[in-house]
Amino acid sequence: MARTPAEIKKSPKSESNHRKLSILIDINRAVSRTIELQQSLKASLQILHKSYKIKSGAVFLTNDEENILEMAATIGYRTELAKTKYRMGEGLTGRIAETGKPIIVPQVSKEPLFLNRMSSWDPARDREQSYLGVPIELDYKTLGVLIVNLPYNAKRDYDDSIKFLILVASALVQPIRLKKIIEQERQRLIDENVMLKHKLQEEYSFHNIIGTSHEMRDVYEKVAQVARANTTVLIRGESGTGKELIAQAIHYNSYRSENPFIRVNCAAIPENLIESEFFGYEKGAFTGAIARKKGRFELADGGTIFLDEIGDLSQMTQVKILRVLQEQEFERVGGTETIKVDVRVIAATNADLEKLMTNGKFRDDLYYRLNVFSIFLSPLRERQEDILLLADHFMLKYGRQQGKSIKRISTPAIDMLLRYHWPGNVRELENCIERAVLLCDDQVIHSYHLPPTLQTAEASDTVTRLSLDESVAAYEKELIQDALKSTRGNRAKAARLLNTTERIIGYKVNLYEIDVKRFKK
């Protein structure tokens, strides 16, 4: 006849095993309920205190950097001793961690290694107690130590008790392991973040901006002056002159460098979306607004917002931008809460703002609010001495990217770069050199590697229409100039490079009126 579990008469031994099994189930539930390690350990000790009748208990975790044991959770002690630590091998707890073996002390009064550092036992008023400690191990590595203090009982089966505590310790492995994984990942992300910030600061240091012309030295001086201040900056210059690079240099050399740098291209945002992009919106503000969204100004809080093409803003948006600049506050679209921010504004434009003001397309008050500190970037055609520096920089940059060992740019190619008027400024020069590196199949960039815009009379006025004989002569002249440059004007060496005689080289030099002295510098 079948009987229910309640009807079965249990032996004392089976009742004890059943109780221990219930405790282990409760502990497993407790540690799986939360990812907070301290809560998991505290809950486990509370279960042992309530169901296993421990007098007190604690969990220590290893600190691998300092090679010590640190308190993680306690129960039953007269005071919370959060700073209690043990060196490896110190006392009973330290010895468990060092050896990786459990320790049983039936009577603590007879054990000299029982340090009683946590005041769990007062010999003057407390009855005798027992100390049991087990290592918390994973893959033969000690993660921590679980210790409990029990009232002394001469009839207690201490071997059975230590086996039970080993099972409890194994249940604590998973949350401890998870905590260590989370800490390692968090530290990795912190280190990566610090490394990236340092890299950005180095990359956008104004010392790394290319250019030695008088105009660029003036820009460097202004960047150095304004970087450490919170002043609003207006950067002006033609398209492609590097306005965003200067804005980044200002931000990453300022006290705000640890905070966000938010870029906004005012010309690229549709008129009906520009307000929500700048200031964000509340849930339900309009169709499709299913959740609250932060705007660019709110995202830039504590850092810098870069407003590129500021001259393309509508009159209505200009009014709202003016309020943020003056009051450092705004409301999200569909919201009533006023949001205060601490944002530095750097604006840039290639437009003639004064002309726009005259035509009524740009507000005077916004202009005067933006034009606190102005930086003007000259077009590339007005700073010829920077062209070769920039060309060499881009040659090395794209050579590395494309795995090519390009050493230099030929003299005719240099002449072509210097004669061109560069309507697209630095951006056009960069694209030009990138293309040349892609086409180059040796260690020198030649004139025929440059784009057609630099080679046609219609586009650049740099090359006249030539006959076949004239074209051959121009190519021959380029080869001779290149060889003379490689040999620093030595005609004999140049002849050997071109597999010809020094007499022929001399004849061609005179024929093409090549100035050999320029190559001897």
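Here, the structure is the one placed above.
Notes on the structure in this doc start here. (Residues numbered from 1 in each chain as written. Predicted model: local features only at pLDDT ≥ 70, side-chain atom pairs only at ≥ 80, totals over all residues. Heavy atoms only, no water.)

1. Focus: the overall build of the protein chain
Piece 1. Tallying secondary structure elements over the protein chain gives 18 helices and 17 strands in all.
Piece 2. A globule of 521 residues ought to have a C-alpha radius of gyration of about 24 Å, yet the protein chain, at 39 Å, is considerably larger.
Piece 3. Expressed as a percentage of the 521 residues in the protein chain, the buried residues total 44%.
Piece 4. The contacts in the protein chain between residues at least 6 apart in sequence include a share of 66% that link residues at least 24 apart.
Piece 5. Approximately 28900 Å² of the protein chain is accessible, and the part contributed by carbon and sulfur atoms is 51%.
Piece 6. Here the protein chain carries 77 positive and 70 negative side-chain charges, and the mean point of each set is 7 Å from the other. (Helix = DSSP H or I, 4+ residues; strand = E, 2+ residues; numbered from the N terminus. Rg over C-alpha atoms; globule rule 2.2 N^0.38 Å. Buried < 20%, exposed > 50% of the residue type's maximum accessible area, 1.4 Å probe, protein only. Contact = heavy atoms within 4.5 Å. Areas by Shrake-Rupley, 256 points an atom, 1.4 Å probe, with all protein chains shown as cover. Lys, Arg positive; Asp, Glu negative; His and termini not counted. Charge placed at Lys NZ, Arg CZ, Asp CG, Glu CD.)

2. Let's talk about the environment of V509
Piece 1. Position of V509 relative to the elements: it lies in helix α18 (residues 502-511).
Piece 2. When its relative accessible area of 3% is taken as the criterion, V509 is described as buried.
Piece 3. Along the primary structure V509 and A97 are separated by 412 residues, whereas in three dimensions their C-alpha atoms are 86 Å apart.
Piece 4. V509 has contacts with I480, L484, R491, I514 and V516, leaving out every residue within four places of it along the chain.

3. What to know about the sheet that holds strand β15 (residues 373-377)
Piece 1. If you walk across this open sheet you meet the five strands as β8-β11-β14-β7-β15, and the pairing is parallel. The sheet is open, and its two borders are formed by β8 (261-265) and β15, each paired with just one other strand. For this sheet, the mean angle separating the axes of adjacent strands, direction not counted, is 20°.
Piece 2. Two elements, strand β7 (residues 233-237) and β15, share five bridges in a ladder whose sense is parallel. Residue pairing for β15: I235 is matched across the bridge by I375.
Piece 3. Sheet strands in contact with helix α5 (residues 214-227) are β7, β14 (344-349) and β15, and its direction is about 155° off that of β15. (Pairing = 2+ DSSP bridges. Axes fitted to C-alpha atoms, helices over the stretch in contact; angles between N-to-C directions.)

4. Details of the packing of helix α12 (residues 385-401) against helix α13 (residues 411-419)
Piece 1. At a closest axis distance of 10 Å, the pairing of α12 and α13 adopts a crossing angle of 125°. Between α12 and α13, the angle falls in the class oblique. For α12 against α13, the interelement crossing comes out right-handed. Residues I387, L388 and A391 of α12 pack against I414, L417 and L418 of α13.
Piece 2. Here the contact of α12 with α13 is composed, by residue class, of six nonpolar, no polar and no charged. (Parallel < 35°, antiparallel > 145°, perpendicular 65-115°, else oblique. Left-handed = near helix turned anticlockwise from the far one by under 90°. Nonpolar A, V, L, I, M, F, W, Y, C, P; charged D, E, K, R; others polar.)

5. Concerning the side chain of D386
Piece 1. Along the chain, D386 falls in helix α12.
Piece 2. Among the residues examined, D386 registers a relative accessible area of 0% and is labelled buried.

6. A word on unusual backbone geometry
The general pattern is negative phi for most residues beyond glycine and trans for most peptide bonds.
Piece 1. One non-glycine residue, N67, lies in positive phi territory at about 60°.
Piece 2. Looking at the element boundaries, N67 is found in the loop between β1 (56-63) and β2 (68-75).
Piece 3. One non-glycine residue, R488, lies in the positive phi region at around 55°.
Piece 4. Looking at the element boundaries, R488 is found in the loop between α16 (468-486) and α17 (491-497).

7. Side note on the pairing of β7
Piece 1. Across the five residues that make up β7, a large majority, five, are buried.
Piece 2. With burial as the criterion, each face of β7 is covered, one bearing V233, I235 and G237 and the other bearing L234 and R236.
Piece 3. Across four bridges, β7 lies against β14 in parallel orientation. For V233, the partnering residue across the bridge sits in β14 and is I346.

8. What about the nonpolar core?
Piece 1. If you look at the biggest cluster of nonpolar residues, it comprises 35 residues, and the most contacted ones within it are I27, L48, V59, I136, L146, F164 and L172.
Piece 2. Of all the secondary structure elements, the ones that give two or more residues to this core are α1 (12-32), α2 (37-51), β1, β2, β5 (129-138), β6 (141-151) and α4 (158-203).
Piece 3. It is α4 that contributes the most residues to this core, ten residues altogether.
Piece 4. Excluding residues within four positions of it along the chain, L146 makes contact with L45, A58, V59, L132, G133, V134, I136, L165, V168 and A169.
Piece 5. By size, the runner-up hydrophobic cluster in this structure holds 31 residues, among which are L322, M357, F362 and L370. (Core = buried A, V, L, I, M, F, W, Y, C linked by side-chain atoms within 4.5 Å.)

9. Quick word on the packing of aromatic side chains
Piece 1. Applying the stated criterion to the full structure yields 14 aromatic pairs.
Piece 2. On the basis of an interplanar angle of 20° and a centroid distance of 6.2 Å, the ring pair of F261 and F306 is categorised as stacked. Taken together, the residues span a long stretch of sequence, with F261 in strand β8 and F306 in strand β11 (residues 304-308) at a distance of 45 residues.
Piece 3. Relative accessible area serves as the criterion here: at 1%, F306 is assigned to the buried category. (Phe/Tyr/Trp six-rings, centres within 6.5 Å; stacked < 30°, edge-to-face > 60°.)

10. Overview of a nonpolar patch on the surface
Piece 1. Taken together, Y448, Y475, L479, L497 and L498 make up a surface patch of nonpolar side chains, about 460 Å² in accessible area.
Piece 2. If you trace the backbone, L479 turns up in helix α16. (Patch = residues over 30% accessible without salt bridge, like charges linked within 9 Å, V, L, I, M, F, W, Y side chains within 5 Å. Salt bridge = Lys/Arg side-chain N within 4 Å of Asp/Glu carboxyl O.)

11. Some details on the pattern of salt bridges
Piece 1. The final tally for this structure, using the stated rule, is 27 salt bridges.
Piece 2. Ionic pairing is found between R256 and D342, a salt bridge with its closest N-O pair at 2.8 Å. Taken as a pair, R256 in the loop between α6 (243-252) and β8 and D342 in the loop between β13 (338-340) and β14 lie far apart in primary sequence, 86 residues in all.
Piece 3. The partly exposed category is assigned to D342, whose relative accessible area is 40%.
Piece 4. Residues participating in the shared-partner salt-bridge network are E282, R292, E298 and R332.

Such coordinate-based values are descriptive only and should not be taken to indicate function.
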